[in-house]
Amino acid sequence: MQAQTNIDNLESQAAHEAHDGLEIEQLKPGQEAWRRLKKDKLAVAGGCILIAVVLVSVLAPIISTHNPNTVVNSNRLLPMGTPGHILGTDHLGRDMLTRLLYGGRISVAIGFTAVGIAMFFGITIGLLAGYYKGFFDTLVMRFIDILMAFPYVLLAIAIIAALGPGLLNAMIAISIVGIPYYARIVRGTVLSLREQEYIEAQKALGASDLRILFKHILPNSLSPIIVAATLDVGWMIIAASGMSFLGLGAQPPTAEWGVMLSDGKDFLRAAPHISLLPGMAIFIVVLSLNLLGDGLRDALDPRLKQ
Amino acid sequence: MCAEHYLEVKNLKKHFPVKTNFFGQTLSWLKAVDGVDFHLNRGETMGLVGESGCGKSTLGRLIINLLTPTEGGVYFENQNIYDLRGSEQKRLRRKMQIIFQDPYGSLNPRMNIGDIIAEPLYIHGLAQGMGAKKRVRQLLDYVGLSSYHASRYPHEFSGGQRQRVGIARALAVNPELIVCDEPVSALDVSIQSQVLNLLEDLQNELGLTYLFIAHGLNVVKHVSDRVGVMYLGKIMEITDSQELYGNPLHPYTRALLSAIPIPDPGLRRQRIILKGDVMSPIDPPKGCRFCARCPDAFDLCRDREPELVEYSVGHHVACHKVRRDAAG
Ligand SMILES: Nc1ncnc2c1ncn2[C@@H]1O[C@H](COP(=O)(O)OP(=O)(O)OP(=O)(O)O)[C@@H](O)[C@H]1O
Ligand SMILES: [Mg+2]
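The model shown is predicted, which means the values in this text are computed figures rather than measured ones. (Residues numbered from 1 in each chain as written. Chains lettered and ligands numbered in written order. Predicted model: local features only at pLDDT ≥ 70, side-chain atom pairs only at ≥ 80, totals over all residues. Heavy atoms only, no water.)

S.K.: Please set out the overall build of chain B residue by residue, giving values where relevant.
M.R.: Counting secondary structure elements, chain B contains eleven helices and twelve strands. Rg of the C-alpha trace for chain B: 21 Å, near the compact-globule value of 20 Å for 328 residues, within the 12% margin. With respect to the three principal axes, the spread of C-alpha positions in chain B is 70 × 60 × 40 Å. Expressed as a percentage of its 328 residues, the buried residues of chain B come to 55%. For chain B, the accessible surface area stands at approximately 15,000 Å², while carbon and sulfur atoms represent 48% of it. Mean positive and mean negative side-chain charge positions of chain B (39 and 36 charges, respectively) differ by 4 Å. (Helix = DSSP H or I, 4+ residues; strand = E, 2+ residues; numbered from the N terminus. Rg over C-alpha atoms; globule rule 2.2 N^0.38 Å. Buried < 20%, exposed > 50% of the residue type's maximum accessible area, 1.4 Å probe, protein only. Areas by Shrake-Rupley, 256 points an atom, 1.4 Å probe, with all protein chains shown as cover. Lys, Arg positive; Asp, Glu negative; His and termini not counted. Charge placed at Lys NZ, Arg CZ, Asp CG, Glu CD.)

What follows is the structure in structure tokens.
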């Protein structure tokens, strides 16, 4: 009787395991996320738009027919649809399409670079603070709390005020403003990960702190960072354009979306397209980044796993 | 106690701060492990039993130096493990390993099984490239998995299979002593016995020493040579397995034993139901920490903490009542 039950148990378990083997597709966690992302139409659309924008911006010198900074007084304020100037010209007779393309280069470059810098410092700080805790954690995180207590834009303006206006300084400023955000996310993830048994197992095996941090903790805290970074590129682009609009970032005559927006504000009645077009460009890029970011968040969230 | 024990735990304490005031001073302590003494002999399995939250895992983590004790020491081959630094510490890590309770949390979800098992080989420079691959295959074979499992990820495995992976990882460094922290309590009953058998086979084959943690006496019964019973951070009774099940002395041990279901319905045993809740390990009052729930408690128990006393060879009990009865 006893033996019979045991055999039954073993058999049902073997069947159970065989069933498991069939049911579960053999995919890496990353591949699974990719499969889920591909199913999300909005995210795919966002990603495609983004790729198109990046391509067009990079290829701006090849695609465009004009020089972005050549002033042609006879061509001032041409409306959209004018032959030779499909998107019209601005108040100095510069081709809008060309300027938009060149502006895209700056905005995209600034967005990604600023996020890259903010991520680098934020992740480093977050990893160290979360892993070692103690005095370093208290000191750094209190300082970060102070930074976060300021409104983003105000803090960026304050930093530019200290560094002086200009495209590079604006980028540095918005990078600094972004650091606390990443430090917080990473620290939070690390705090929960360091208590995980697989991290303890690495310690018990004698792994060095560096190995634990970079081989085990960082890869597992990557998904919230990726989502945050995608959403953040959009924010950085808006912030950089905002700084330029206020005259703190890129300076005229540079073709930059914020600068163009600012240029057009005196001609809103006569030639609304001068402001509208760069505004639309910012809107589309930020929207596509947000769609992609939301899609990534869903794709990377293990709780949504079927 | 004599000095030549394989592993000796002396007056080990771990207190966690639970409440601190504004200036960072600790106001109260959670005494997870509060003065534990015992030893392990080479090649034996020592069971450690106690209710949830009594400090078993904390004790296990202290013994393999994952936690630093508040007080006391652990002597492994007569060396206090907390005195070791750097390369000596790393060498010790190869001798002592741990298997965790939760098969879902103990494997890195972003690494495949092969990489998980190879990690210890890389950490200690034991093998590389093809050598590492071969060793991983060998380890998988040891724990009853196949070599094609190496390229799979943890989420593709059942709990029992994951626990096998955890065992293979621990074995990768050729340890002598393994702390098994409730290795089967998260598994189905049918799979429990398979994993227990695996652990037993490995012990016979590799001459391992186990500290086997469990929360009920029934699991430990079949695998342990000796058993220690823990209650709120203290060892209450410790003796050979047979002696413990045949002649339990501490009232808490008796209550635990009476809770094991008997398969024969014709046999009836009086079940001792403990009254009251487990006391909080935060700032325990003086006296015996079991006395509030003890059916045999008397005045002395509320007053003074009983010491662990040896009543017959190797049978240690911490109880005033037992002591009084023994005195006559
Ligand atoms: N890092 C920590 N900080 C504060 N308290 C802790 C910490 N680790 C454990 N504790 C506390 O110490 C006590 C003992 O915990 P431990 O995990 O050792 O219990 P256990 O006997 O293993 O229980 P279980 O059977 O549930 O695994 C518990 O009250 C727990 O809350
Ligand atoms: Mg435990």
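S.K.: Please give an account of the site of ligand 1 that cites residues and values.
M.R.: Residue and element names in this part refer to chain B. By nearness alone, 14 residues border ligand 1, and Ser-52, Gly-53, Lys-56, Ser-57 and Thr-58 come closest of all. Measuring from an oxygen atom of ligand 1, one finds a side-chain N or O atom of Ser-52 at 2.5 Å. Gly-53 is positioned such that a nitrogen or oxygen atom in its backbone is 2.8 Å from an oxygen atom of ligand 1. Isolated, ligand 1 exposes 630 Å² of accessible area, and the fraction of that covered by the protein chains is 64%. Looking at the shell around ligand 1, the elements with two or more residues in it are strand 2 (26–40) and helix 1 (56–63). For the shell around ligand 1, the per-class residue count stands at five nonpolar, six polar and three charged. (Near = heavy atom within 4 Å. Polar contact = N/O pair within 3.5 Å; in protein donor to acceptor, adjacent residues only side chain to side chain. Nonpolar A, V, L, I, M, F, W, Y, C, P; charged D, E, K, R; others polar.)

S.K.: Talk me through the interface of chain B and chain A; I want residue IDs and the actual numbers.
M.R.: It is common to give the size of an interface as the accessible area lost on bringing the parts into contact. Every contact between the two is made by 34 residues of chain B and, on the other side, 29 residues of chain A. Taking both sides of the interface into account, the surface hidden between chain B and chain A amounts to around 2,800 Å²; carbon and sulfur atoms contribute 53%. For the interface between chain B and chain A, the tally reads four salt bridges. Here A:Lys215 ties to B:Glu119 by a salt bridge, and the two come within 2.6 Å at their closest N and O atoms. Across the chain B-chain A interface, the total number found is twelve residue pairs in polar contact (both at pLDDT 80 or more). When residues in the side of chain B that touches chain A are grouped by element, the largest group, four residues, is from helix 3 (residues 113–123) of chain B. Among the residues making up the side of chain B that touches chain A, the classes are represented as 14 nonpolar, eleven polar and nine charged. (Contact = heavy atoms within 4.5 Å. Buried area = accessible area lost by both parts, 1.4 Å probe. Salt bridge = Lys/Arg side-chain N within 4 Å of Asp/Glu carboxyl O.)

S.K.: Can you tell me about the side chain of A:Asp95, naming the residues and giving the values?
M.R.: Residue and element names in this part refer to chain A. Following the sequence through the fold, Asp-95 ends up in the loop between helix 4 (60–63) and helix 5 (96–132). Arg-99 provides the closest opposite charge to the buried, unpaired Asp-95, separated from it by 9.2 Å. At 2.9 Å, the side chain of Asp-95 and the side chain of His-85 are in polar contact. Beyond its immediate sequence surroundings of up to four residues, Asp-95 is in contact with His-66, Gly-84, His-85, Gly-88 and Thr-89.

S.K.: Tell me about the packing of aromatic side chains, and name the residues and values.
M.R.: Inspection of the entire model under this criterion finds eight aromatic pairs over all chains. Plain terms: the ring middles of A:Tyr131 and A:Tyr132 are 5.1 Å apart, the flat faces sit at 85° to each other, and that makes the pair edge-to-face. One aromatic cluster is present, formed by B:Tyr231, B:Tyr252 and B:Phe290 through successive ring pairs. Looking at B:Lys10, its charged tip hangs above the ring of B:Tyr75, at a distance of 4.8 Å from the centre. Of note, B:Arg324 hangs over the ring of B:Phe298, and the distance from its end group to the ring centre comes to 4.1 Å. (Phe/Tyr/Trp six-rings, centres within 6.5 Å; stacked < 30°, edge-to-face > 60°. Lys NZ or Arg CZ within 6 Å of the ring centre and 35° of its normal.)

S.K.: Residues and numbers for the pattern of salt bridges, please.
M.R.: Enumeration according to the criterion identifies 26 salt bridges over all chains in this entry. For A:Arg142, the salt bridge is made with A:Asp145, and the minimal N-O distance between the two is 3.2 Å. Pair noted here: A:Arg142 and A:Asp145 are both in helix 6 (residues 134–149), with a separation of three residues, about one helical turn. Judged by relative accessible area, which is 25%, A:Asp145 ranks as partly exposed. Across the pair B:Glu182 and B:Lys56 runs a salt bridge, and its minimum N-O distance is 3.8 Å. Here the residue B:Glu182 occupies a position in the loop between strand 7 (177–181) and helix 6 (189–206), and B:Lys56 occupies one in helix 1, the gap between them amounting to 126 residues. For the pair formed by B:Glu182 and B:Lys56, the shared burial category is buried. Taken together, the salt bridges that share partners define one network made up of A:Asp90, A:Arg94, A:Arg99 and A:Asp263.

S.K.: Give a description of helix 6 of chain B that names residues and reports values.
M.R.: Residues and elements named next belong to chain B. Across its 18 residues, helix 6 extends 26 Å between first and last C-alpha, which sits within 8% of the 26 Å expected from 1.5 Å per residue. Residues of helix 6 that are buried: Ile-191, Gln-192, Gln-194, Val-195, Leu-196, Leu-198, Leu-199, Leu-202 and Gln-203. In the stretch just after helix 6, Gly-207 is the one whose phi turns positive, near 65°. (Expected span 1.5 Å × (residues − 1).)

S.K.: Describe the packing of helix 3 of chain B against helix 5 (residues 159–171) of chain B, with residues and values.
M.R.: Residues and elements named next belong to chain B. Two elements in contact, helix 3 and helix 5, have axes whose closest approach is 7 Å; the angle formed by their N-to-C orientations is 30°. Here helix 3 is positioned roughly parallel relative to helix 5, judged by the angle of their axes. As for the relative orientation of helix 3 and helix 5, their crossing is right-handed in sense. Within the contact between the two elements, helix 3 uses Ile-113, Ile-116, Ile-117 and Pro-120 and helix 5 uses Val-165, Ala-168 and Arg-169. Partitioned by chemical class, the residues of the contact of helix 3 with helix 5 number six nonpolar, no polar and one charged. (Axes fitted to C-alpha atoms, helices over the stretch in contact; angles between N-to-C directions. Parallel < 35°, antiparallel > 145°, perpendicular 65-115°, else oblique. Left-handed = near helix turned anticlockwise from the far one by under 90°.)

S.K.: I'd like a rundown of the side chain of B:Arg61, residues and numbers included.
M.R.: Along the polypeptide, B:Arg61 turns up in helix 1. Once residues lying within four places of it in the same chain are set aside, the contact partners of B:Arg61 are A:Glu197, A:Glu200, B:Leu66, B:Leu67, B:Phe100 and B:Asp181.

S.K.: Pulling in residues and values, what's your account of the pairing of strand 8 (residues 209–214) of chain B?
M.R.: All names here are of chain B. Within strand 8, six of the six residues are buried, which leaves it mostly tucked inside the rest of the structure. Every second residue of strand 8 is oriented toward a common face, with Thr-209, Leu-211 and Ile-213 on one face and Tyr-210, Phe-212 and Ala-214 on the other, all of them buried. Bridging between strand 3 (residues 45–49) and strand 8 involves five bridges; their strand directions are parallel. Bridged to Leu-48 within strand 8 is Ile-213. Summarising the sheet, strand 7 and strand 8 pair through five bridges and their orientation is parallel. Of the residues in strand 8, the one forming a bridge with Asp-181 is Ile-213. On the question of chirality, the crossover connecting strand 7 to the parallel strand 8 by way of helix 6 is right-handed. (Pairing = 2+ DSSP bridges. Right-handed = clockwise from strand over helix to strand, strands pointing away.)

S.K.: Pulling in residues and values, what's your account of the nonpolar core?
M.R.: Formed by 66 residues in total, the largest nonpolar core has its most connected members in A:Leu100, A:Leu127, A:Ile174, A:Tyr182, A:Ile217, A:Trp257 and A:Val285. Here the element with the most residues in this core is helix 10 (residues 209–245) of chain A; it accounts for 15 residues. Discounting residues that sit within four places of it in the chain, A:Trp257 has contacts with A:Leu100, A:Gly103, A:Gly104, A:Ser107, A:Ser241, A:Pro278, A:Ala281, A:Ile282 and A:Val285. Within the second largest apolar cluster, 58 residues are counted, among which are B:Ile167, B:Tyr210, B:Ala214 and B:Val227. (Core = buried A, V, L, I, M, F, W, Y, C linked by side-chain atoms within 4.5 Å.)

S.K.: Help me get a handle on the environment of B:Leu121, residues and values and all.
M.R.: Relative to the assigned elements, B:Leu121 resides in helix 3. In this structure, B:Leu121 is in contact with B:Leu126, B:Ala127, B:Ala132, B:Arg135, B:Val136 and B:Ala172, ignoring residues within four places of it in sequence.

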